[in-house]
Structures are given as C-alpha cells and as structure tokens.
Amino acid sequence: MKERERIVVTGVLTVLFFAWLGFLFHRSPRFAGSGVGAAFGIAGAVLMLVPLAYMLVKRVPFLNAWITPHVSLQSWQTAHVYAGIFGPLLAIVHTGHKFNSVLGITLTAVMLLVVVSGFIGRYLLSFETQEIKDKLLLLQTARGDLDSAWGALENSPPEVRTLPKAPLLAAGLASLGLGIQSGGPVGEVTAIAESVADLEYAIRTHELFKRWCSVWLKLHLVLSMLLYVLLGLHIWAGIHLGLRWSL
Ligand code: HEM
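Note that the structure is a prediction, hence the values are computed from the model and not measured.

Okay, the overall build of the protein next. Scanning the protein for helices and strands turns up seven helices and zero strands. The secondary structure elements of the protein, listed N-terminal to C-terminal, are α-α-α-α-α-α-α. Within the protein, the proportion of its 247 residues that are buried is 23%. When contacts within the protein are restricted to residue pairs at least 6 apart in sequence, those whose partners lie at least 24 apart make up 79%.

Our next topic: the nonpolar core. Side chains of a nonpolar character, in soluble globular proteins, are inclined to be buried together. Core analysis: the largest hydrophobic core is formed by 22 residues, its most contacted members being Ile-92, Met-111, Val-114, Val-115 and Leu-227. Of all the secondary structure elements, the ones that give two or more residues to this core are helix H1 (2-21), helix H2 (35-59), helix H4 (73-95), helix H5 (102-154) and helix H7 (185-241). Not counting residues up to four positions away in its chain, the partners in contact with Val-114 are His-220, Leu-223, Ser-224 and Leu-227. If you look at the next biggest cluster of nonpolar residues, it comprises six residues, including Ala-142, Ala-191, Ile-192 and Ala-193.

Further remarks concern the site of the ligand. Pro-51, Gly-84, Gly-118, Arg-122 and Ser-224 are the nearest of the 24 residues found near the ligand. Elements supplying a minimum of two residues to the shell around the ligand: H2, H4, H5 and H7. It is H4 that contributes the most residues to the shell around the ligand, seven residues altogether. A per-class count over the shell around the ligand returns 13 nonpolar, eight polar and three charged.

What follows covers the packing of H1 against H5. For any two helices packed against each other, the geometry comes down to the angle between their axes and how far apart the axes lie. For the pair H1 and H5, the least separation of the axes is 12 Å and the interaxial angle reads 155 degrees. Accordingly, the angle class assigned to the pair H1 and H5 is roughly antiparallel. As H1 packs across H5, the resulting crossing turns out to be left-handed. Facing H1, whose interface residues are Arg-6, Val-9, Leu-13, Leu-16 and Trp-20, H5 presents Leu-112, Val-115, Phe-119 and Tyr-123.

It is worth spelling out unusual backbone geometry at this point. Look at His-97: it is not a glycine, yet its phi comes out positive at around 60 degrees. Turning to its location among the elements, His-97 is positioned in the loop between H4 and H5. Given 20 C-beta atoms within 10 Å, His-97 falls into the buried group.

About the criteria used
Residues numbered from 1 in each chain as written. Predicted model: local features only at pLDDT ≥ 70, side-chain atom pairs only at ≥ 80, totals over all residues. Helix = DSSP H or I, 4+ residues; strand = E, 2+ residues; numbered from the N terminus. Buried ≥ 20, exposed ≤ 12 C-beta atoms within 10 Å, placed from the backbone. Contact = placed C-beta atoms within 7 Å. Core = buried A, V, L, I, M, F, W, Y, C linked by C-beta atoms within 7 Å. Near = placed C-beta within 6 Å. Nonpolar A, V, L, I, M, F, W, Y, C, P; charged D, E, K, R; others polar. Axes fitted to C-alpha atoms, helices over the stretch in contact; angles between N-to-C directions. Parallel < 35°, antiparallel > 145°, perpendicular 65-115°, else oblique. Left-handed = near helix turned anticlockwise from the far one by under 90°.

By themselves, these observations are geometric and do not establish any function.
Take a look at the structure:
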C-alpha cells in the first residue's frame, strides 16, 4: 500500500515540478482571475485544508476521540499526503504561471517547499531508518564473523600469523576481494575487519542523513503553518481586490 502511495506521490511530484517550471515558457496573466482559474484555485485550497484537518484530528484530544473511531489516524495521514500533493498541483494550474506579486511568489515557493519537505520526511526518513536497521543486522553478523576469525587466528601456528607489510593496502585490496594473502587467517581477519569498518561508516552516514531528514520534517510543520497564513492573505486579497469572472 505504502509502495503504491510512494509511486503515485513521486509521479505527481514530478508533474508538479514540471508544471511549475512551465513559467519559463508560458504565461497566462488573466487565467487565475477567470472562472475556470478560480475554480482550480478554490479546489486546490480546499484540498490543502485536508492536512490542517489532519493536524487538528491528531492533536486536539476531543476531535481525536470523536473522529478516529470512524476514520483512523492512518487514513487521515494518507489522505493528507494525497490532498497535500494534488492540492498544490491544482494551485499551480490556477496561477497560470503569473508570478508577479511578492505574495504570489512567496506563497508558491512555500507551498512547493512544504511538499518537498513532506516528501523527504515521509519517504527518505523511513528509507534511512530501514537502511540503518538492515545494516545494524549485517554489522552484528560481521562482528560475530570477526570474533571467530580472530579466534582462528589466535589458534593458528605462529608462522601464519604475520601481519601484511602494508596493512592499509592489504585491507583495501581485501575489501575488493583481491587479498594478497589469499585465504589464511590473517587475510580473513583483515577482510572482515574492513567490512566491519565499512558497515560502521555506512551506518554513521545514514544516521547523519536521517537527522537531516528529521530537520526537514520539523520544517514541514513550520512551513505548513506559514503556508496557511499566506493562503489566507492571498484569498483575502483576491476577495478584496475583486474577482474577474470571465470564462
Ligand atoms: C499542501 C501540502 C501539505 C500541507 C499543508 C501539509 C501539512 C502538514 C501538517 C500540518 C503536518 C503536521 C501534523 C502534526 O503532526 O500535527 C504534516 C505532517 C506530515 N506531513 Fe504533511 N502536508 C502537506 C503535504 C505533504 C506531502 C505531500 C507529504 C508526503 C509526500 C507529507 C508528509 C508529511 C509527514 C511525513 C508528516 C509527519 C508525520 C505525520 O504526522 O503524518 N505532507 N503535514
């Protein structure tokens, strides 16, 4: 289910970015204020309110107790992702690529950042978490192998226990499967120790990336609040300045 969601959301995100980049080739200054343009804008704004409803259901205890027995938080979360990607797509169509005012440009930029940060938080973060889990399991096995290889080395005759003259080169070659000391307990210990070091390095890198993804998720929440303020101002300005209804 999550896999299908990921494919759909990635596809729509790609379309969203190409649609946004369309401003390089196309501009329709009157579209946003027309009847059809406004319909796109209203539909996009309504969809973008679904994440706000999700947040309220998630965080306001009485709403949570009232609504979640009928619609689970999991379903709300999925609905927020779909509405949060299709809403901005409709909003981009609504703009007609007319990016003139500071408010309009900021609103569009914040909206795209909200989508990107949500995407990072939902897919990259869980990908990193899974990678760390898998690699920790591999590391556990590799450390066990290292212990046994070390035991075998200690029990081997002294003439086969000599360390390579250039240990770094030997370890590097061993990691590529090109050990100079083919077989032998020393070669085995060197190769496994190298794999352990590689895995530890990979886990640290994934942990760093995971922390970076978590920052994006926090940013997602802050930016979405800013988005609602800007959206409110934009709607207010639209009503205040008057809508042009020309189909
Ligand atoms: C206009 C678009 C969007 C808005 C306004 C929005 C808004 C929000 C809000 C307000 C929250 C906080 C919920 C809470 O913890 O109280 C949230 C959480 C989150 N959003 Fe979005 N979102 C949007 C689109 C997306 C998209 C497209 C994705 C993924 C592809 C996404 C992924 C997430 C994730 C992973 C969380 C945190 C975990 C969770 O509470 O579900 N969001 N979003």
